[in-house]
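# Observations on the three-dimensional arrangement
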Amino acid sequence: AFILTTVYGQLISVYDYGRAAALILGGSTVAAMLVGFLYGRGKRVWCRHLCPVSGVFSLLARLAPVHYKVDEERWQANQGPHLPTPNCAPLIDIRRMQGNSDCHACGRCSGQRGAVALSARSPNQEILIVGNPPQHGHWDSTLLLFGMIGLAMGAFQWTVSPWFITLKQTAAEWLVDRDIFWPLEANAPWWLLTHYPQANDAFSWLDGAAILSYIGASSLVIGGALWLLLRGAVRLMNRGDNLFHHLALTLTPLGGAGLFLGLSATTIKLLRYEGFILAWAQPTRALMLAGAVAWSLYLAWQVISRHGANGMRRLTAFACVGLGTAVVGYGWYLQFWGWS
Ligand code: SF4
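Bear in mind the structure is a predicted one, so any value in this text is a computation, not a measurement. (Residues numbered from 1 in each chain as written. Predicted model: local features only at pLDDT ≥ 70, side-chain atom pairs only at ≥ 80, totals over all residues. Heavy atoms only, no water.)

Here we come to helix H13 (residues 311-338). Among the residues of H13, those classed as buried are Ala317, Cys320, Val321, Gly324, Thr325, Val328, Gly329, Gly331, Trp332, Leu334, Gln335 and Phe336. Packing partners of the buried residues in H13 comprise helix H7 (137-157), helix H8 (162-177), helix H9 (205-236), helix H10 (241-249), helix H11 (252-273) and helix H12 (281-306). (Buried < 20%, exposed > 50% of the residue type's maximum accessible area, 1.4 Å probe, protein only. Helix = DSSP H or I, 4+ residues; strand = E, 2+ residues; numbered from the N terminus. Contact = heavy atoms within 4.5 Å.)

A few words now on the pattern of salt bridges. A complete count under the given rule lists eight salt bridges for this structure. One salt bridge in this structure joins aspartate 93 and arginine 96, with 2.6 Å as the shortest N-O distance. According to the relative accessible area criterion, aspartate 93 is partly exposed, its value standing at 39%. What makes arginine 96 partly exposed here is its relative accessible area of 47%. Put simply, arginine 121 and glutamate 126 hold a salt bridge, and the shortest N to O gap is 2.7 Å. Just as arginine 121 is buried, glutamate 126 falls in that class too. (Salt bridge = Lys/Arg side-chain N within 4 Å of Asp/Glu carboxyl O.)

In this section: the packing of H10 against H12. The N-to-C vectors of H10 and H12 enclose an angle of 160°; their axes lie 9 Å apart at closest approach. Taken together, the axes of H10 and H12 lie roughly antiparallel to each other. The hand of the H10/H12 crossing is right-handed. Of H12, the residues touching H10 (which contributes Leu243, His246 and Leu247) are Ala300, Val303 and Ile304. (Axes fitted to C-alpha atoms, helices over the stretch in contact; angles between N-to-C directions. Parallel < 35°, antiparallel > 145°, perpendicular 65-115°, else oblique. Left-handed = near helix turned anticlockwise from the far one by under 90°.)

It is worth spelling out the environment of isoleucine 277 at this point. Mapping isoleucine 277 onto the fold places it in the loop between H11 and H12. Residue isoleucine 277 is classed as exposed on the basis of its relative accessible area of 69%. The sequence separation of isoleucine 277 and glutamine 79 amounts to 198 residues, and the corresponding C-alpha distance is 62 Å.

What follows is the structure, given as structure tokens:
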């Protein structure tokens, strides 16, 4: 669902036109209301099981500096009188809740049996401690490497990428040489491909195919490179899937920073159209990117050390993660500095 909404959003230019935003955001809101009305019974089944971005939020929530901490022993020892059972909308087994990833932090369970309290914690805690062994390892790693990092970078980048223009021009020449002209026509409806001729903005079928190819290639190349590098690190340490998924989670800060940089690029672009100079934007981006790389590297070093590697193996495994962060960092460098 995350992939579909992200790609569809790009095809209909969700950040640029109200109609497109209303369709995607309004459509998912109506779907959430319908699911809630038909199946919810007071619970947020949409948020827990169907929302396209709940996986992303669940990954990012692991970095939160506060969480609802549950003391299971106190919970069991507390004999009551008890508060009524809280209506936990995302259907969490509160007594056994260890991390923040599924919790919506609504506070309804606060104080329950004297065992649940909003508490401060290190933003690294959930990835370093609760994340081992990872709960939904396979899905979390796939979403993070191929979706939140690889796919998102392609989706944010194609509008400024010279590679995208080369891809499109090469394909157009190939088609014209063979007298195939229909893919060059911009006659798709606005809800399939961007179609605003009055604003001189209409995508041809070729544009649509090029966007799909670029975003797909970005997901596969960047996600695949990260996957291979992390697999290499795990192999060097003679460990299994648990370490792979744990190590993948250490790239969460980098994934989060990428989403923030990509989404705020639209805001900054619009503010510049309005005449704001925003000289601080580039240095802030650089700081944010460098900070996220450093944070991910720190987490990776800690995870590698916790899994018992030392000496040369530790350094080489760490170098694999370092190379992965460099690949992602270079992608963002191209977008904000290299190509501008
Ligand atoms: S804070 Fe809300 S969402 Fe989180 S466990 Fe408690 S009741 Fe559930």
